[in-house]
Structures are given as structure tokens and as C-alpha cells.
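Read off the chains here:
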Amino acid sequence: MSPLLAPDSLLRGLPPVHLVACALDPMLDDSVALARRLRALGRPVSLRVLPGVPHGFLSLAPLSAECRRAGALCSLLLRRVLQPPGPPRARGDGLGGPGASWALGASDLGGAGGSN
């Protein structure tokens, strides 16, 4: 089921959402629409559109450097979300506070790009 079909009440209860979409994906418009809808509801959301990467890129990592970098981005985002909370972070750490939208630097991506 598409999250676009979820009622606003359900979407308002989501934790911060980090979307990784592919420029060569027929479902790219759905990812953009979901990010816009979450943002309109005041929910923290980040969207990264990866150029040159198709839908299903994780299965193509052995064949493509771009797909490997995209997979590394997904792993990094998951690690950041699943890390146990530690002491409060100082300002300027790149992560921001609750509701912040943060971007990854080139060193985090191994050269791959993205957008918020």
C-alpha cells in the first residue's frame, strides 16, 4: 500500500522521515509527493534524489559505483536513525535538533549527491 493513501492523522504520527529516491525511478514522483505532503503537515522530512541511479539500485551494487555509493548513503542514514541516543550534541554537528532537515556532506557520500 502506498503511504500516499494514508490519512493525515497517521502521517502526523510518524517520526522524522528520510526518503532516498532515484532520478531513474518511475516512482520518483510518488517520493516527491510524499515529501511535500509530510512537509505540508509540518513533519520533519528529508528527500535525497540520487542522479544516475535506477529503482532497485541496492541489488545492482556489485555492478555500479553509483549504486554502491547510494547503498552507503542508505546505510549511513539508517545508522544515524538507529544509533542509541547519547549526550546532547553541540550546535554545528550537522544533525540539528528535532524537526531539523540535515544534509550529508560529500565525505559522507563518497562523492554521490543529493538534495533536501
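Residues numbered from 1 in each chain as written. Predicted model: local features only at pLDDT ≥ 70, side-chain atom pairs only at ≥ 80, totals over all residues. Heavy atoms only, no water.

With respect to the overall build of the chain
In terms of helices and strands, the chain carries four helices and two strands. Across the 116 residues that make up the chain, the buried fraction comes to 30%. Counting contacts in the chain only where the partners sit at least 6 residues apart, residues at least 24 apart contribute 70% of the total. If you sum the accessible surface of the chain, you get close to 7300 Å²; carbon and sulfur atoms cover 61% of it. (Helix = DSSP H or I, 4+ residues; strand = E, 2+ residues; numbered from the N terminus. Buried < 20%, exposed > 50% of the residue type's maximum accessible area, 1.4 Å probe, protein only. Contact = heavy atoms within 4.5 Å. Areas by Shrake-Rupley, 256 points an atom, 1.4 Å probe, with all protein chains shown as cover.)

Details of the side chain of D25
With respect to the helices and strands, D25 occurs in the loop between β1 (17-24) and α2 (28-40). As a buried residue without a salt bridge, D25 has its nearest oppositely charged side chain in R48, at a separation of 15 Å. Among the polar contacts made by the side chain of D25, one reaches the main-chain amide nitrogen of M27 at a distance of 2.8 Å. (Lys, Arg positive; Asp, Glu negative; His and termini not counted. Salt bridge = Lys/Arg side-chain N within 4 Å of Asp/Glu carboxyl O. Polar contact = N/O pair within 3.5 Å; in protein donor to acceptor, adjacent residues only side chain to side chain.)

Things to note about the pairing of β1
For β1 and strand β2 (residues 45-54), the ladder comprises seven bridges, and the chain directions are parallel. Counterpart to C22 in the pairing with β2 is L50. Crossover β1 to β2 through α2 is right-handed. (Pairing = 2+ DSSP bridges. Right-handed = clockwise from strand over helix to strand, strands pointing away.)

So, the pattern of salt bridges
Applying the stated criterion across every chain, the model contains one salt bridge. The shortest N-O distance in the salt bridge between D8 and R37 comes to 2.8 Å. On the criterion of sequence distance, the pair formed by D8 in helix α1 (residues 8-12) and R37 in helix α2 is long-range, its members being 29 residues apart. On the accessibility criterion, D8 (32% relative accessible area) is partly exposed.

With respect to the layout of surface pockets
Approximately 330 Å³ is the volume attributed to the second largest pocket. Looking at the second largest pocket, it is lined by 18 residues, and the ones nearest its centre are V20, D25, M27, S31 and H55. Breaking the lining of the second largest pocket down by element, the ones donating at least two residues are β1 and α2. When the residues that make up the lining of the second largest pocket are grouped by side-chain class, the tally is 12 nonpolar, four polar and two charged. (1 Å grid on protein atoms, 1.4 Å probe; cavity = no way out; pocket = protein on both sides within 12 Å on 5 of 7 lines; lining within 4 Å. Points joined across faces, edges and corners; volume = space filled by probe spheres on them. Nonpolar A, V, L, I, M, F, W, Y, C, P; charged D, E, K, R; others polar.)

Some points on the nonpolar core
Core analysis: the largest hydrophobic core is formed by 12 residues, namely A6, L11, V17, L19, A21, L28, L34, A35, L38, L41, V45 and L47. Of all the elements in the fold, those that place two or more residues in this core are β1, α2 and β2. Of the residues forming this core, the biggest block, four residues, is contributed by α2. Apart from residues lying up to four places away in sequence, L11 is in contact with P3, A6, R37, L38, L41 and R43. (Core = buried A, V, L, I, M, F, W, Y, C linked by side-chain atoms within 4.5 Å.)

Quick word on the confidence of the model for the chain
Averaged over every residue, the pLDDT of the chain is 80; residues scoring 70 or more account for 75%. pLDDT under 50 marks residues 91-116. Its contacts with residues more than four places away, or in other chains, come to 42 contacts. (pLDDT = per-residue confidence, 0-100.)

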